[in-house]
Amino acid sequence: MARLKKVYEGKAKILYEGPEPGTFIQYFKDDATAFNAQKKATIEGKGVLNNRLSEFFMQGLTNIGVPNHFIRRLNMREQLIRQVEIIPLEVIVRNFAAGSISKRLGMEEGTPLPRPIVEYSYKNDALGDPMVSEEYVVAFGWATQQDLDDIISIALRVNDFLSGVFYGVGIKLVDFKIEIGRIWDGDFMRLIVADEISPDSCRLWDIKTGQKLDKDVFRRDLGSLTDAYTEVAQRLGVLELVELLHPLLVLDTVGLHLRDRPVLHAIELLAQDELGILDDGLDQRQDVERIGRRLGLEAGQGLEHVQGQRLIH
Ligand code: TMP
């Protein structure tokens, strides 16, 4: 399939023109950056997990009536989204002190905050996304006071939703970042949640052990980021959806923890092929077959077989 035109490339995602006006295709890369891209790495499988997780959270928001850009997932790394006019702010909500607020105010990480605190950073890489006040936001015309009232209300609803979902699987939502976009319906403008919701943009701590299950694992060199995100996905039941999509994915996400690059690649191709969107090529086909054989599997084999072979336990 011919690749659609790229409209934007960020640090962790690429946006392509969508199949119809008012849509984009959002592609999740494996790239991770921290400290305004001073630290960089490619984390095999991160994009696949974040695509799934963002789908899960956005669908949950839709279910409780919080409008957002997600339309549907297209494949392992891509989702169809509504095109928005992005507001150039990172909207951060904090429940417990961590990261920059701890540094700024000398608060120990994990200290509960008196109430959820909403703050804004101006999205500008050259400036390192500086924190800004509401006064700045309104004075510089990034959003009106009315927009800000709506943004705070959306941010707090997202916070309540995510806090509850994570609490249910033994995870504390310390803080997170969302982005908000405008959509137009004639003259009528609405604000909706855009970008992504994933462990890249949240702080998630295991309630019992305090173990970090978010991008701080990468920022602070605390171990495998893929293992952390896989743990989050497994607890939320997101990987079960993967299993339903294609049995071989299980090998990847559960069995091999996305560590085996050729397997991940093969599985992606296979899934894309099945969904009819494979950018076909002989090499890729051969790859799939070769690796499938190496695994002792034929493409299309049933879940029971895969389970029997290597999965469960
Ligand atoms: P901070 O403590 O570094 O200000 O981060 C607050 C939250 O926002 C944390 O969950 C990580 C997230 N975040 C992003 O998603 N993107 C960013 O560029 C930064 C700095 C933070």
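Residues numbered from 1 in each chain as written. Predicted model: local features only at pLDDT ≥ 70, side-chain atom pairs only at ≥ 80, totals over all residues. Heavy atoms only, no water.

Enquirer: Whenever I open this one, the overall build of the chain confuses me. Can you help?
Expert: On a plain count of helices and strands, the chain comes out with 11 helices and 14 strands. Across the 313 residues in the chain, those meeting the buried criterion constitute 50%. The contacts in the chain between residues at least 6 apart in sequence include a share of 57% that link residues at least 24 apart. (Helix = DSSP H or I, 4+ residues; strand = E, 2+ residues; numbered from the N terminus. Buried < 20%, exposed > 50% of the residue type's maximum accessible area, 1.4 Å probe, protein only. Contact = heavy atoms within 4.5 Å.)

Enquirer: Just checking my understanding: could you explain the sheet that holds strand β1 (residues 6–9) for this structure?
Expert: Strands in a sheet are paired, the pairing made by backbone hydrogen bonds, and the direction either parallel or antiparallel. Spatial strand order, β1-β2-β3-β7-β6: 5 strands in an open sheet with antiparallel pairing. Edge strands, defined here as strands with exactly one partner in the open sheet, are β1 and β6 (70–73). With direction set aside, neighbouring strand axes in the sheet form an average angle of 25 degrees. With 3 bridges connecting them, β1 and strand β2 (residues 13–17) associate as antiparallel partners. Directly across from K6, in β2, lies its bridge partner Y16. (Pairing = 2+ DSSP bridges. Axes fitted to C-alpha atoms, helices over the stretch in contact; angles between N-to-C directions.)

Enquirer: Help me out: how do you make sense of the site of the ligand in this one?
Expert: Inspection of the region around the ligand gives 15 residues, with R94, S100, D175, K177 and R203 positioned closest. At 3.5 Å from an oxygen atom of the ligand is found a side-chain nitrogen or oxygen belonging to E90. Taking R94, its side chain carries an N or O atom lying 2.8 Å from an oxygen atom of the ligand. Protein contact buries 78% of the 450 Å² of open area that the ligand shows by itself. Among the secondary structure elements, those contributing two or more residues to the shell around the ligand are β9 (89–96), α2 (99–105), β12 (171–185) and β14 (202–206). (Near = heavy atom within 4 Å. Polar contact = N/O pair within 3.5 Å; in protein donor to acceptor, adjacent residues only side chain to side chain. Areas by Shrake-Rupley, 256 points an atom, 1.4 Å probe, with all protein chains shown as cover.)

Enquirer: Explain the packing of aromatic side chains here, please?
Expert: What describes a pair of aromatic rings is the distance from one ring centre to the other and the angle between the planes of the rings. By the definition in use, this model includes 5 aromatic pairs. Measuring from centroid to centroid gives 5.3 Å for F57 and F166, while their planes differ by 50 degrees, and the two rings are tilted. Here the residue F57 occupies a position in helix α1 (residues 46–63), and F166 occupies one in helix α4 (residues 145–167), the gap between them amounting to 109 residues. F166 carries the same exposure label as F57, and that label is buried. Taken together, a centroid distance of 6.0 Å and an interplanar angle of 85 degrees make the contact between Y136 and F140 edge-to-face. A relative accessible area of 43% means that Y136 is categorised as partly exposed. Judged by relative accessible area, which is 56%, F140 ranks as exposed. A cation over an aromatic ring shows up here: K39 above the ring of F218, its NZ or CZ 5.0 Å from the ring centre. The aromatic ring of F96 is capped on one face by K172, whose charged end is 4.2 Å from the ring centroid. (Phe/Tyr/Trp six-rings, centres within 6.5 Å; stacked < 30°, edge-to-face > 60°. Lys NZ or Arg CZ within 6 Å of the ring centre and 35° of its normal.)

Enquirer: Would you take a moment to explain the confidence of the model for the chain for this structure?
Expert: Any segment with low pLDDT has predicted coordinates that should not be analysed in fine detail. Confidence along the chain averages 83 in pLDDT terms, with 75% of residues attaining 70 or more. Element-level mean pLDDT values for the chain span from 32 in helix α11 (residues 303–310) up to 99 in β9. Within the model, pLDDT remains below 50 along residues 241–263, and this stretch shows 58 contacts once partners closer than five positions in the same chain are excluded. Note on residues 294–313: pLDDT is under 50 here. Beyond four places in sequence and across chains, it has 28 contacts. (pLDDT = per-residue confidence, 0-100.)

Enquirer: Help me understand the packing of α1 against α4, please; the structure alone is not making it clear to me.
Expert: Packed helices, taken two at a time, are described by their axes: the angle between them and the distance between them. Between α1 and α4, the shortest axis-to-axis distance is 11 Å and the interhelical angle comes to 120 degrees. Between α1 and α4, the angle is such that the two are oblique. In the crossing of α1 with α4, the sense of the turn from one axis to the other is right-handed. Facing F56, F57, G60 and L61 of α1, the residues of α4 in contact are V158, F161, L162, V165 and F166. Considering only residue class, the contact of α1 with α4 consists of 8 nonpolar, 1 polar and no charged. (Parallel < 35°, antiparallel > 145°, perpendicular 65-115°, else oblique. Left-handed = near helix turned anticlockwise from the far one by under 90°. Nonpolar A, V, L, I, M, F, W, Y, C, P; charged D, E, K, R; others polar.)

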